[in-house]
Amino acid sequence: MLEAIACQFSLKDDLVFVEIPVSLTDISDATIKEQLEQAGYGRCLLLLDQLTNLVTEYKQIQQKIKQQLQSEGYILKYKVAQRKPAILNIMVSDDTMSAVAEIIAAFGGQHVSANDVVKAGQEAGIVYGFQKEQILQLVAHASRAESGSKVRATIAVGREAESGKDSVFEPLISDMGNRIRKPVAQSEGKVDLRDFGVIASVKTGDVLMRRLPPTKGKPGMTVTGKALQALDGQEKSWGAGEGAEVSPQDPSLLLASRDGMPRLLEAAVTVDEVFVINKVDASTGHIIFKGAVVINGDVAESMKVVAGGNVFVKGVFEGTLLESGGDVSIGGAVIGHQINDETGSALSTVIRAKGNIQCTLAQYTEFECEGLLNATKQLLHCDVQAAEVLAGMPDKINGKIVGGNYYLGSHLKCGELGALSGSQLKIRLNRLMDPILEKQAVLKNTLLELKAEMEEIRQHVEQMKQMERSPAVMEQLTAMVKDYEEQRRIAAAFIADIKQLEENRRQLLLAVAVEARQKLFTGVECQIGQELTRTRREYGPSRIRLTDQGVVVEAFI
């Protein structure tokens, strides 16, 4: 047995030596390693060649002892292990915004301390951004790691320069677009479902918007101490808006220059003149007005309302056309009809708006808006083009959508989607993606034409290289090479644009979704990009979105 062998270990100049008296007891690599561990040298680097030589020579002498050619007790001395300290490497990133420390764990030798890391970092030129916690965790991990293994951590991080923010335009009034769509509470807890509060209006001299000043940029710093300059924010100019003017006392304030209804723009406010009427029918004629229109009652069948600003209808809309340069708010229902003639099927009512459209419920209506279509109760067999659709209230999405066609930019949210009858309902969430595809197609066609021109130039260049190198030929050749390089630069820019458009499209594909918070019926068709699905059964609360497996219906949590 190994225990009978009197092994003696010693350390000199970081080398571990073993002295073993040779006897008839067998030894192996494993027994030597075990005794090294017991002697406290288990984490040292084994010198495998020396260990093999030791075992081989031990067996040779052991054989001589068996043949009585040599007596027991001959001492073999070999170096079998080496103690090595941990190795520390510091790597500064190419942009000098971060630095990583790599520690190769010690073979029984000295571990790296936190001070060692900081000192080595300083010697590598790091003067800023040392991460104390990461350094402490790194050295602790390395001290416990398996000998020879590599441990890494970021030990210094620079500070990115932060550009200042440009001017921000803060609206100081409410317009119809952000008017709260909640019935006004009456006495004893009752509500008037048609009363949504006072319509927003302003008087001459009222403050409309404030321009907040731009902010200063915050300089950055690399880990090597190089300062990074930051751009300050820029002061943006006021946008154009009729009925408003910059305050003569304070150029950062926008004032109303006339009475009317405010309409928020990106960097301005338009104050529309307001046309107020109790109803619109055959007795009043069509309403065409450049400003805002307020109708305190109903709009009768076949009537038209066209306004340059916001439109508010307190009652029911049964007209043929409502067109607004701003937002549309209809307190009652929108009642359209399906028209069948020799040309096919159409809808009797059309509502278009540059902003948002709000109503209680709508049937057989064609909607088109740049923003949100919000029906608080129900949409029945409508054709819709909008950024997004909400059926219900923002805090209680319980509205119903039955039948129709929807061409949307991002989301459709409702309580119930579809109907028990399985009436046809088509949703395409491609309103923002289709223009991207069109741009890509144009760029790709242009790129093909450009590559054909480049190939033609290349062939001419090759032909001219075979000609006599006269000054005229060389001048023409130089011009053609220059033209080729310019075409190649343009082609590279086109390729970069195509790739960026594709990334934008990919992000949109992942972001769009349909949500039915209560029930999703059969017969609902949803298309996202080129992928399409159609529900064939009833679901509970559900979400339709695009995944790697295509358009899927999943439980809404």
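Computed from a predicted model, the values in this text were never measured in an experiment.

Thresholds applied
- Residues numbered from 1 in each chain as written.
- Predicted model: local features only at pLDDT ≥ 70, side-chain atom pairs only at ≥ 80, totals over all residues.
- Heavy atoms only, no water.
- Helix = DSSP H or I, 4+ residues; strand = E, 2+ residues; numbered from the N terminus.
- Buried < 20%, exposed > 50% of the residue type's maximum accessible area, 1.4 Å probe, protein only.
- Pairing = 2+ DSSP bridges.
- Axes fitted to C-alpha atoms, helices over the stretch in contact; angles between N-to-C directions.
- Salt bridge = Lys/Arg side-chain N within 4 Å of Asp/Glu carboxyl O.
- Disulfide = S-S within 2.5 Å.
- Phe/Tyr/Trp six-rings, centres within 6.5 Å; stacked < 30°, edge-to-face > 60°.
- Lys NZ or Arg CZ within 6 Å of the ring centre and 35° of its normal.

> For unusual backbone geometry, give the residues involved together with the corresponding values.
Here Asp-13, not a glycine, exhibits a phi torsion of approximately 50°, which is positive. Looking at where Asp-13 falls in the secondary structure, it is placed in the loop between strand E1 (8–12) and strand E2 (15–21). On the basis of relative accessible area, Asp-13 is assigned to the exposed category, the value being 68%.

> Lay out the side chain of Gln-440 in plain terms, naming residues and giving numbers.
As for its position among the elements, Gln-440 is in helix H5 (residues 433–465). Assessed through its relative accessible area of 3%, Gln-440 is described here as buried.

> Describe in detail the sheet that holds strand E6 (residues 98–104), supporting the description with residues and values.
An order of E5-E6-E7 is seen for the three strands of this open sheet, with the pairing classed as antiparallel. Looking at which strands have only one partner, the edges of the open sheet turn out to be strand E5 (87–92) and strand E7 (150–157). The average angle at which neighbouring strand axes cross in this sheet is 20°, direction not considered. Bridge count for E6 against E7 is seven bridges, and the pairing is antiparallel.

> Let's hear about the pattern of salt bridges: which residues, and what values?
A side chain with one charge may pair with a side chain of the opposite charge, provided their charged atoms come close. Applying the stated criterion across every chain yields a total of 23 salt bridges. Where salt bridges share partners, they join Glu-515, Arg-517, Arg-543, Arg-545 and Glu-554 into one cluster.

> Which residues make up the state of the cysteines, and what values go with them?
Linking two cysteines covalently through their sulfur atoms gives a disulfide. Tallied over the full model, the rule gives zero disulfides. Lacking any disulfide linkage, Cys-7 is separated from the closest cysteine sulfur, that of Cys-44, by 16 Å. The cysteine Cys-359 is free of any disulfide, with Cys-382 supplying the nearest cysteine sulfur at 7.7 Å.

> Could you give me a rundown of the packing of aromatic side chains, with the residues and numbers involved?
Summed over the entire model, instances satisfying the criterion amount to three aromatic pairs. Here Phe-275 and Phe-289 contribute two aromatic rings whose centre-to-centre distance is 5.6 Å and whose plane-to-plane angle is 40°, an arrangement assigned as tilted. With Phe-275 in strand E18 (residues 274–277) and Phe-289 in strand E19 (residues 287–289), this residue pair connects regions lying 14 residues apart in the sequence. Looking at Phe-289, the relative accessible area reads 22%, which means it is partly exposed. Between the NZ or CZ atom of Lys-77 and the centre of the ring of Phe-17, over which it lies, the distance is 5.5 Å.

> Could you give an account of the pairing of strand E16 (residues 261–264), with specific residues and numbers?
Pairing geometry for E16 and strand E17 (residues 269–272), over four bridges, is antiparallel. Residue pairing for E17: Leu-264 is matched across the bridge by Val-269. Here E16 folds back onto E17 in antiparallel fashion, the turn holding four residues.

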